[in-house]
Amino acid sequence: FFFFQAEDGIRDFCLSRGLGDVYKRQGTGFRKFGSKIKMQSSLIKHIGWIGTGVMGKSMCEHLLRNGFQLSVYNRTRTKTEELVQKGALYRSPKEMAAACDAIFLMVGYPRDVEAMFGEVVEHMRPGSVLVDHTTSSPTLAQRIFTECKKRGIDSIDAPVTGGDIGAKNGKLTIMCGGEQTAFDRITPALQSYGANIKLMGKEGQGQHAKMVNQIAIANTILGVVESLLYAYKAGLDLNLVLETIGSGAAGSFQLNVSGGRMLRRDFDPGFYVEHFVKDMEIALEEASRVNLSLPGLALVKQFYQALMAQGGARLGTQAILLVLERMNNVDLSKPLQKD
């Protein structure tokens, strides 16, 4: 088949599925800018996915709906059962590494990334791709890239943001680091669950971009809590406050979504406190390495560390409200007691 006057999205769709040669008008003629023959060996059809937690499961569901063959693994096997019922295969990391065109990681900590990488890398085929969606260390991403290169394997660090809602709706932002050719190969898969997908630069730059994101969130969510506490003490209707300022300059995901969850006392995890603390530790470590002071981030980390000490490690990040409520001896769910 030949596809004429193809836009980028059509080109990516055609090439990712080996549908034919793709041409685009250039001047009075057509320029070939994609070929089934040239790209056939680079197609990503069978994906091995390690880590089917809060976000990983939704991302896998999007891949299945978009026609990708999927093998899955999770340390707690029961978390893969629904995906298997929908058509995924359950395989060990070694089995999927040998069988799949690409391995995607979505695990908790850098140590988990290292452990899974050690299990799969020796069994991955030359020409396959390793994609790490875990928020992890930029330094580790660079080391993985180097080790993969030695074996003829492509590697992309690709942390995501958007939380459980973004994963369910297929609207995640994905920040990638690595080579353009590898990025182009995995983009059709990423488009299954990502709405904003960018190559930020060389290996490790995806993780650095995610640190920027986490720094912004940390300082913003503290501002949301402090603003709600002030509104409570001032006797304002908290839901009306959110509705009003959420449509103005103060509006943000943290205010509109996390703030709403705070008022409903919904502390279920869209993103775990313990994972956010891990992210902040990575950011502070990277900042220290380049002699950069981030006092706001360091302060927010202390509040979350206190929340973990109080048993909140597996709550959602919006549970930072509980720490500042205790500090101020208030409870936003109860009527304000007049002095």
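Look a little higher up for the structure.
If you're wondering where the values come from, they're calculated on a predicted model, not measured in any experiment.

Q: How would you explain the pairing of strand E5 (residues 69–73) if you had to name every residue and give the values?
A: The element E5 is extensively covered by neighbouring structure, given that four of its five residues are classed as buried. Inspection of the sheet shows strand E4 (residues 46–50) paired to E5 by five bridges, in the parallel sense. Each bridged residue has a counterpart across the sheet, and for His46 the counterpart in E5 is Gln69. Handedness of the crossover joining E4 and E5 through helix H3 (residues 56–65) is recorded here as right-handed. As defined by bridge partners, E5 adjoins strand E6 (residues 89–90) across two bridges and the pair is classed as parallel. Bridging across to E6, Val72 finds its partner in Tyr90.

Q: For empty space enclosed by the protein, give the residues involved together with the corresponding values.
A: If you walk through the whole model with that rule in mind, you get one cavity of 30 Å³ or more. If you add up the space inside the largest cavity, you get close to 40 Å³. Surrounding the largest cavity, Leu130, Asp132, Ala141, Ile144, Ser155, Ile156 and Asp157 form its lining. Here the element with the most residues in the lining of the largest cavity is strand E9 (residues 154–157); it accounts for three residues. Looking at the lining of the largest cavity, its residues break down into four nonpolar, one polar and two charged.

Q: Tell me what's going on with the side chain of Asp164, and back it up with residues and numbers.
A: Positionally, Asp164 belongs in helix H8 (residues 163–169). Its relative accessible area of 10% is what places Asp164 among the buried residues. Polar contacts involving the side chain of Asp164 include one to the side chain of Arg261, which spans 3.4 Å. If sequence neighbours within four positions are ignored, Asp164 has contacts with Val54, Met55, Arg261, Pro269 and Gly270.

Q: Got a sec to walk through the environment of Leu63? Specific residues and values, please.
A: Mapped onto the fold, Leu63 is located in helix H3. The contact partners of Leu63, leaving out residues within four places of it in the chain, are Ile47, Trp49, Phe68, Leu70, Ala189, Ser192 and Tyr193.

Q: Residues and numbers for the packing of helix H11 (residues 238–245) against helix H12 (residues 253–263), please.
A: Packed helices, taken two at a time, are described by the angle their axes make and the gap between the axes. Where H11 meets H12, the closest approach of the two axes is 10 Å, and the angle between their N-to-C directions is 175 degrees. Here H11 lies roughly antiparallel to H12, going by the angle between them. For the pair formed by H11 and H12, the contact residues are Leu238, Asn239, Leu242 and Ile245 on the first element and Leu255, Gly259, Gly260 and Leu263 on the second. Residues belonging to the contact of H11 with H12 are distributed by class as follows: five nonpolar, three polar and no charged.

Q: How would you sum up helix H6 (residues 110–120)? Please name residues and give values.
A: Those residues of H6 that fall on the buried side of the exposure criterion are Pro110, Asp112, Val113, Met116, Phe117 and Val120. Along the axis of H6, the buried residues cluster in a sector spanning 150 degrees; they form a single face.

Q: Tell me about the layout of surface pockets, and please be specific about residues and values.
A: Once rolled over the atoms, a probe with the size of a water molecule shows which space is left empty. Computed from the structure, the largest pocket encloses a volume of approximately 1,100 Å³. Val54, Met55, Phe271, Tyr272 and His275 are, among the 48 residues lining the largest pocket, the residues nearest its centre. When residues of the lining of the largest pocket are traced back to their parent elements, those giving at least two are H6, strand E10 (160–161), H8, helix H10 (205–233), H12 and helix H13 (273–289). Looking at the lining of the largest pocket, its residues break down into 16 nonpolar, 22 polar and ten charged.

Each value, and the rule that gives it
- Residues numbered from 1 in each chain as written.
- Predicted model: local features only at pLDDT ≥ 70, side-chain atom pairs only at ≥ 80, totals over all residues.
- Heavy atoms only, no water.
- Buried < 20%, exposed > 50% of the residue type's maximum accessible area, 1.4 Å probe, protein only.
- Helix = DSSP H or I, 4+ residues; strand = E, 2+ residues; numbered from the N terminus.
- Pairing = 2+ DSSP bridges.
- Right-handed = clockwise from strand over helix to strand, strands pointing away.
- 1 Å grid on protein atoms, 1.4 Å probe; cavity = no way out; pocket = protein on both sides within 12 Å on 5 of 7 lines; lining within 4 Å.
- Points joined across faces, edges and corners; volume = space filled by probe spheres on them.
- Nonpolar A, V, L, I, M, F, W, Y, C, P; charged D, E, K, R; others polar.
- Polar contact = N/O pair within 3.5 Å; in protein donor to acceptor, adjacent residues only side chain to side chain.
- Contact = heavy atoms within 4.5 Å.
- Axes fitted to C-alpha atoms, helices over the stretch in contact; angles between N-to-C directions.
- Parallel < 35°, antiparallel > 145°, perpendicular 65-115°, else oblique.
- Arc of directions from axis to C-beta.

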